[in-house]
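# Structural overview
Next come the chains, spelled out residue by residue.
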Amino acid sequence: MLRKMGEAVARVARKVNETVESGSDTLGVHTLQGVKAKGQLSVVGFPLPTRGSWGLNLCHPIWWQVPLPDLADCKLVSFPICIYKVLRNVSDQIHLITLANNELKSLTSKFMTTFSQLRELHLEGNYLYRLPNEVSSLQHLKTIDLSRNQFQDFPEQLTTLPALETINLEENEIVDVPVEKLATMPSLRVINLRLNPLSAEVRVIAPPLIKFDMLMSPEDAQARLP
C-alpha cells in the first residue's frame, strides 16, 4: 500500500514538472498566479527552475503557489491530504478539479466543504459508488462527471444543487432514478444515463415529467416504445 501511494505521489510530481516545463495555462485543477520571466517561474520572490526534476514535495507550502496539474491518470486511491493544508488560503478560488481515471473509491466530506466554490468536477473512470452528503455544499457546481464508476443508486444529493446543469452518470449500474426530484432542479439541462440498466418504470414516467434532456442508450430508448 505504501509503495502504491508513493508511486501515485511521484506521478503527481511529474505532472507538476511537465506543467511548468510546458508553460501551459490549460490545467485540470486551477491556475494561480505565477510569473514566467527570463526562463524561470517567479513564485513569491523565489525563482524555480522550469527544466529538470524538482524532487517535489507535495506538502511543501510552495505547491499551491504554482500552476496545479491535472490529477487524472495518477493512480490515486484517495485525494492527497496534504493538499488541503497547502490550499487552505486559496481553496475558494478553485473552480475546476479533474481526478479522472484514478482508483478512488470515495471522496470525503472535507473534500466537498473545502472546494465548495467548484463549478466543474470530473471524477470519471474511478470506483466511486456513493457521494458524501456534504456534496450539497457545492452550491455553484454546474457540471459533474461520474461516468464509468460503480454507482448502483442514483446520488440523490445532486438534486439539491441549484446551479447544476450537466450530470454524467454514463456506464454505471443505476436502475432507478428520482425523476420527480430531477424535474424540480431549476438549472438542469442534460443528464447522461447511457449504459445503465434503467428500469422500465423510469423509461416510461420520465419523458412527460422532465424538461431537460435525459440521454439513454439505444436499447433503453427502444424498450420504452410501444
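This text gives an overview of the structure that appears in the document. (Residues numbered from 1 in each chain as written. Predicted model: local features only at pLDDT ≥ 70, side-chain atom pairs only at ≥ 80, totals over all residues. Heavy atoms only, no water.)

Another point: the overall build of the protein. Regarding its fold elements, the protein presents six helices and nine strands. Here the protein holds 226 residues, and 46% of them are scored as buried. Across the protein, the fraction of contacts at a sequence separation of at least 24, relative to all contacts at a separation of at least 6, is 49%. Element-wise, carbon and sulfur atoms account for 51% of the exposed surface of the protein, whose accessible area totals about 11800 Å². (Helix = DSSP H or I, 4+ residues; strand = E, 2+ residues; numbered from the N terminus. Buried < 20%, exposed > 50% of the residue type's maximum accessible area, 1.4 Å probe, protein only. Contact = heavy atoms within 4.5 Å. Areas by Shrake-Rupley, 256 points an atom, 1.4 Å probe, with all protein chains shown as cover.)

Attention now moves to the environment of Thr-98. Of note, Thr-98 is situated in strand 4 (residues 96-98). According to the relative accessible area criterion, Thr-98 is buried, its value standing at 10%. For the pair formed by Thr-98 and Leu-71, sequence separation is 27 residues and the distance between their alpha carbons is 5.9 Å.

Taken together, the side chains of Asp-153, Asp-176, Glu-180 and Glu-201 define an acidic patch exposed on the protein surface. Relative to the elements of secondary structure, Glu-180 occurs in helix 4 (residues 179-183). (Patch = residues over 30% accessible without salt bridge, like charges linked within 9 Å, V, L, I, M, F, W, Y side chains within 5 Å. Salt bridge = Lys/Arg side-chain N within 4 Å of Asp/Glu carboxyl O. Lys, Arg positive; Asp, Glu negative; His and termini not counted. Charge placed at Lys NZ, Arg CZ, Asp CG, Glu CD.)

Here the focus is the packing of aromatic side chains. Applying the stated rule across the entire model yields five aromatic pairs. Ring geometry for Phe-79 and Tyr-84: centres 5.4 Å apart, planes at 50 degrees, overall tilted. Comparing Phe-79 with Tyr-84 shows no difference in burial state: the two are buried. Ring centres 5.1 Å apart and planes at 75 degrees place the aromatic pair Phe-79 and Phe-111 in the edge-to-face group. In this pair, Phe-79 sits in the loop between strand 3 (46-49) and helix 2 (81-86) while Phe-111 sits in helix 3 (residues 109-114), placing the two residues 32 residues apart along the sequence. Of the two residues, Phe-79 and Phe-111, neither departs from the other in class, the shared state being buried. Taken together, Phe-79, Tyr-84, Phe-111 and Phe-115 form an aromatic cluster joined through their ring pairs. (Phe/Tyr/Trp six-rings, centres within 6.5 Å; stacked < 30°, edge-to-face > 60°.)

Function-wise, these values are silent; they only describe arrangement.
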